[in-house]
Amino acid sequence: MNAHDGPGPSHKAPPAADPLDRTRFPIDEWRLVETRFDGDDLGTTESLFTVGNGYLGLRGNYSESRDAHVDGTFINGFHETWPISHAEEAYGFARIGQTIVNVPDPKVIRLYVDDEPLQVSAADLLDYERSLDFRTGVLTRELLWRTPGGKRVQIRSTRMVPLEQRHLAILTFEVTLLDQRASLAISSQLINRQDVEREAPNGSGGGGGEAGADPRKAEMFDRRVLVPRLHGADPDTGRIKLGYRTAESGMTLGVVADHTLETTAHHTMDVHSEDDMAKVMYRISAEPGVPVKLTKIVAFHTAQTVPPRELIDRCERTVDRTHEEGIARQYSSQEAWLKDFWERADVQVADQPALQQAIRWNLFSILQASARAEGQGIAAKGVSGSGYGGHYFWDTEIYVMPFLTYTLPSVARNALRFRYNLLDNARHRARELSQKGALFPWRTINGHEASAYYAAGTAQYHIDADIAYALSQYVGATGDEEFLAREAVDIFVETARLWADLGFWRDEGDGGDNGRTFHIHGVTGPDEYTTVVNDNLYTNVLARFNLRRAARAVWELERDDPAAYDGLVRRTGLTVDEPQEWADAAQAMAITYDDFLGIHPQDAHFLEREMWDLENTPLDKRPLLLNYHPLVIYRFQVLKQADVVLALFLQGEEFTPEQKKADFDYYDPITTGDSTLSAVMQSIMAAEVGYHELAVRYFVSALFVDLADRHNNTADGLHVASTGGVWSALVSGFGGFRDIGSAAGDEQWQIDPRLPDGWPSLTYRVTLHGARLRVIVRPDELELALEHDPGSGPITVSVRGQQVVVADGAPVTVPLEHQGPRLEGEPPYPAGIQRADGTVISAIVPSGD
């Protein structure tokens, strides 16, 4: 299923108001701050306060591990496999399920004062603050606890997953008695939570119910997943370790934790280890005003087949190197890493502090999901939770990759290389479906298709074009022709072969060359409320792009680098006539259009259906996918998310302004927003066609998808694609930035802004061929400047058709007469209009009553 489904509050965007309780979550433009504990939304806050680096993620659980929705620690790509059981079998169905594993939990540091345990939900807390700092990447919690015995205890804990050290986590826990001496006990642990029953008594605060048929949740195992291979605890150093192998996938894991206790108070240390737990226990005779600080250094290493003993050795080398470099260096390196990140990626909205805080939290969340994902994809929930089983979907390429391509191109390259490394699996999958070329899996971790429901899974062939689109965008923005020539061009070739074979030619008299039209049947577009259709507009438009881009890439390679072209032919068996076949198919691609209604039908038969009456659908029946059988939904004109509207954005140069407005007017009112992927694209296109207030409402809805748990499933992990889409809504929607491809020459990079009313300015940055271009949009002008120029020369940008050359030096200012068309309100509901045959499109709410 789609990687971001959830029950939106209504099919229209909610009002653009601050949805957070600011007495609990005060505004701080560089931190997410919580000032009081609330057990009702533990799952949500655990996700929000996650720290991670794209490889390793620690959910925002409390150190004491007594109040939790899901005590979670996740490593990108570390998974267990299981056979998919189909009630009725058929050839080619997905066979191998994959689910991310909850790896041993290193966050556990429990405190006892005079043998009384600290449990946040029950404690008498005189002061409480938890904060995630976007500039340091450190999660900090400060408590003032009055014990049952009346003693005041100050507690400060921190947690960091370094961006520079991929396999590392650093935790500190500092305790100071304020008025009376006491006996302290601190128990630091590693716990295998995947296979040991969760101890927390407070598991109800998830921010969402446990829907038994909810496809967004990860599969649960009724057997042991992590098979113990070794454990140990050193009584002299306090070093503890655990090693495992997964029962079915055969993946291996090692984790080592080192401890340093700093205090002048008298203390002792005991250690213990067993198969599923290792711990260090300190007993301290604490005095008032004498701090007790524990530093815990944790290293994780994982592999496909390497023995756990060797992984433990790697962990110990990581820990030893960290000691040699010093803890202070880890914090300073993290700050330096993030300083560079924000110089590249920050988006600033002047005089909007609440929006600014939320924007930076979203951008920081993309970073934490992707920065060190090397060798793996970017999961739908990043490393913040187990939602969607830790799978990778198409939304990486369409929603996350633009942010990476224009701000962190090296990370974008890694993500594309992951897809390249899946190419052999994709070729095999295409053979299973009797097709040439390659078909990438709709959802996967290990490269095998894991979607058990083919209609909304494998049938979404558009993932091939999505990957090709992201690849083309990356190469155009970076100029990384070496990557394209040496490896990535193979993706263009194999995906183009798939489309050329999947589609077919039909003589129609009014079609493409010689009256022939190229059709693609039996596919599902991004809208999963309409499946297995003919000539889905999004699929055909993106397939056309894929075919054209592949042909151009091959011809240019043959012309510019004959040796690389020969290597391509050798690797893929490319024949000389294939590129022309692809170009012909693209030229004659069937693009559905209804002359009577003046819109592009979503598919060949979409307009024959009646409409679902969203305005009269009860909220307790939302989202539709959790309350109606798929066959019921499939009979209606109703969208889970933007489909045609998404095509209008990605291939905007292929549509006229009039077509864009007509299509938006028709499809926006019948889009449920049941997917968190929808609001960002609706915001972008609403801004472009002129619905400026609606664009802001959609943007704010997307901005707070997780922060306000708008879809009631943030507890399962963050919606990473939505966070990426927030960047696109700002940069492409309100900032007006478009990249229409290197074939356009000086017209490649275009800017046509749509600054919202009430925003004094919008500032964003995009990296183009290594040069960082800063764009400031104001109501009456556009300012362009190169902040970083590696010597690649000036950048040419088209501002509403005017060529503007930006070189290193003084900023260039371009006057703006307007901020695009301005339309009030929102498109009317289209039910009641006539089709070309005279029949009326009616709207109903299906029921069995």
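For every chain, the first residue of the written sequence is number 1, and numbering continues from 1 along that sequence. Totals for whole chains, interfaces and linings use every residue, but because this is a predicted model, local features are given only for residues with pLDDT of at least 70 and side-chain atom pairs only at 80 or more, for both listing and counting. The basis for the side-chain values is all heavy atoms of the structure; hydrogens and waters are excluded.

**Re the pattern of salt bridges**
Side chains that differ in sign of charge can pair as their charged atoms come close.
Step number 1: Think of a salt bridge as a Lys or Arg side-chain nitrogen and an Asp or Glu carboxyl oxygen that are within 4 Å of each other. If you walk through the whole model with that rule in mind, you get 71 salt bridges.
Step number 2: The shortest N-O distance in the salt bridge between glutamate 142 and arginine 156 comes to 3.8 Å. Placement of the pair is glutamate 142 in strand 9 (residues 138-146) and arginine 156 in strand 10 (residues 152-160), with a sequence separation of 14 residues.
Step number 3: Burial status follows relative accessibility: with a 1.4 Å probe on protein chains alone, a residue under 20% of its type maximum counts as buried, one over 50% as exposed, and anything between as partly exposed. Look at glutamate 142 and you get partly exposed, because its relative accessible area is 36%.
Step number 4: Between aspartate 320 and arginine 239 there is a salt bridge, with the nearest N and O atoms lying 2.7 Å from each other. Here aspartate 320 is found in helix 2 (residues 308-325), whereas its partner arginine 239 is found in the loop between strand 13 (226-233) and strand 14 (240-246), with 81 residues between them in sequence.
Step number 5: Aspartate 320 sits in the partly exposed class, given a relative accessible area of 32%.
Step number 6: One salt-bridge network, held together by shared partners, links Arg239, Lys241, Asp258, Arg309, Asp313, Glu316 and Asp320. For the purposes of this entry, the term helix denotes a DSSP run of H or I that reaches at least four residues, the term strand denotes a run of E that reaches at least two, and both are numbered from the N terminus.

**Topic: the side chain of threonine 246**
Step number 1: Here threonine 246 shows up in strand 14.
Step number 2: Any N or O atom pair separated by 3.5 Å or less is treated as a polar contact, with the protein-specific requirement of one donor-capable and one acceptor-capable atom, and with residues adjacent in sequence counted only for side-chain atom pairs. There is a polar contact of 2.6 Å between the side chain of threonine 246 and the side chain of serine 249.
Step number 3: Within polar-contact distance, the side chain of threonine 246 engages the backbone nitrogen of methionine 251 at 2.8 Å.
Step number 4: In this structure, threonine 246 is in contact with Phe78, His79, Glu80, Val225, Leu226 and Met251, ignoring residues within four places of it in sequence. We call two residues contacting when some pair of their heavy atoms lies within 4.5 Å.

**Digging into the packing of aromatic side chains**
Step number 1: Two rings belonging to Phe, Tyr or Trp (six-membered ring only in the last case) form a pair when the distance between their centres is within 6.5 Å. Interplanar angles under 30 degrees mark stacking, angles over 60 mark edge-to-face geometry, and anything in between is tilted. Within this structure, the stated rule accounts for 26 aromatic pairs.
Step number 2: Relative to tryptophan 727, the ring of phenylalanine 403 lies with its centre 5.8 Å away and its plane at 80°, an arrangement referred to as edge-to-face. With a gap of 324 residues between them, phenylalanine 403 in helix 5 (residues 395-407) and tryptophan 727 in helix 18 (residues 720-734) connect regions that are remote in the sequence.
Step number 3: For tryptophan 727, a relative accessible area of 1% gives the class buried.
Step number 4: Between phenylalanine 606 and tyrosine 667, the aromatic rings sit 5.9 Å apart at their centres with planes inclined by 45°, giving tilted as the arrangement. Note that phenylalanine 606 is positioned in the loop between helix 12 (578-587) and strand 22 (610-612) and tyrosine 667 in helix 15 (residues 657-667), a separation of 61 residues in sequence. You'll find phenylalanine 606 and tyrosine 667 in the same group, each marked buried.
Step number 5: Cluster of aromatic residues (ring-pair linked, three or more members): Trp30, Phe341, Trp342, Phe403, Tyr406, Trp727 and Phe737.
Step number 6: Here the guanidinium or amino end of arginine 360 rests over the ring plane of tryptophan 30, the centre of that ring lying 3.7 Å away.
Step number 7: In this scheme, Lys NZ or Arg CZ marks a charge over a ring once it lies within 6 Å of the ring centre and within 35 degrees of the ring normal. One cation-aromatic arrangement involves arginine 516 over tryptophan 505; the distance from NZ or CZ to the ring centre is 4.0 Å.

**Regarding the confidence of the model for the chain**
Step number 1: Averaged over every residue, the pLDDT of the chain is 94; the share at 70 or more is 95%.
Step number 2: Confidence of the predictor in every single residue is expressed as pLDDT, which spans 0 to 100. Counted against residues more than four places away or in other chains, residues 1-11, with its pLDDT under 50, gives 71 contacts.
Step number 3: Here residues 198-212 is a poorly scored stretch, pLDDT under 50, and it has 38 contacts once near neighbours within four places are set aside; other chains count.

**Section: the packing of helix 3 (residues 327-345) against helix 4 (residues 353-370)**
Step number 1: A fitted line through C-alpha atoms represents every axis, and for helices the fit uses only the stretch in contact; the resulting angles, taken between N-to-C directions, go from 0 to 180 degrees. The geometry of helix 3 relative to helix 4 is characterised by a closest axis approach of 12 Å and an angle of 120° between their N-to-C directions. Once helix 3 is placed against helix 4, the crossing between them reads as right-handed. In contact with Trp337, Leu338, Phe341, Trp342 and Ala345 of helix 3, helix 4 contributes Arg360, Leu363, Phe364 and Leu367.
Step number 2: Here the residues of the contact of helix 3 with helix 4 are counted per class, giving eight nonpolar, no polar and one charged. The sense of a crossing depends on the near helix, which, turned anticlockwise from the far helix by less than a right angle, makes the crossing left-handed and, turned clockwise, makes it right-handed. Just so you know the grouping, Ala, Val, Leu, Ile, Met, Phe, Trp, Tyr, Cys and Pro go in nonpolar, Asp, Glu, Lys and Arg go in charged, and all remaining residues, Gly too, go in polar.

**Description of the sheet that holds strand 5 (residues 96-102)**
Step number 1: For two strands to pair, DSSP has to find at least two bridges joining them. Spatial strand order, 2-3-4-5: four strands in an open sheet with antiparallel pairing. A single partner strand is all that each edge strand has here, and the edge strands are strand 2 (51-52) and strand 5.
Step number 2: By the bridge criterion, two bridges tie strand 2 to strand 3 (residues 56-58) in an arrangement that is antiparallel. Its bridge partner being in strand 3, valine 51 is matched across the sheet by leucine 58.

**Things to note about the sheet that holds strand 22**
Step number 1: Read across the open sheet, the three strands follow the order 23-22-32; overall the sheet is parallel. Only two strands of the sheet have a single neighbouring strand rather than two, namely strand 23 (636-637) and strand 32 (843-844).
Step number 2: When strand 22 meets strand 32, the two strands line up parallel, connected through two bridges. Bridge pairing links tryptophan 612 to isoleucine 844 in strand 32.

**What about helix 7 (residues 423-432)?**
Step number 1: All buried positions along helix 7 are accounted for by Leu423, Ala426, Arg427, Arg429 and Ala430. Within helix 7, the buried residues cover an arc of 160° as seen down the axis, which keeps them to one side.
Step number 2: Where helix 7 is buried, its residues contact helix 6 (409-421), helix 9 (481-502) and helix 11 (562-572).
Step number 3: In the segment just after helix 7, serine 434 is the residue with positive phi, at about 60°. Starting at the helix axis, one direction is taken to each C-beta atom, and the arc is that of these directions.

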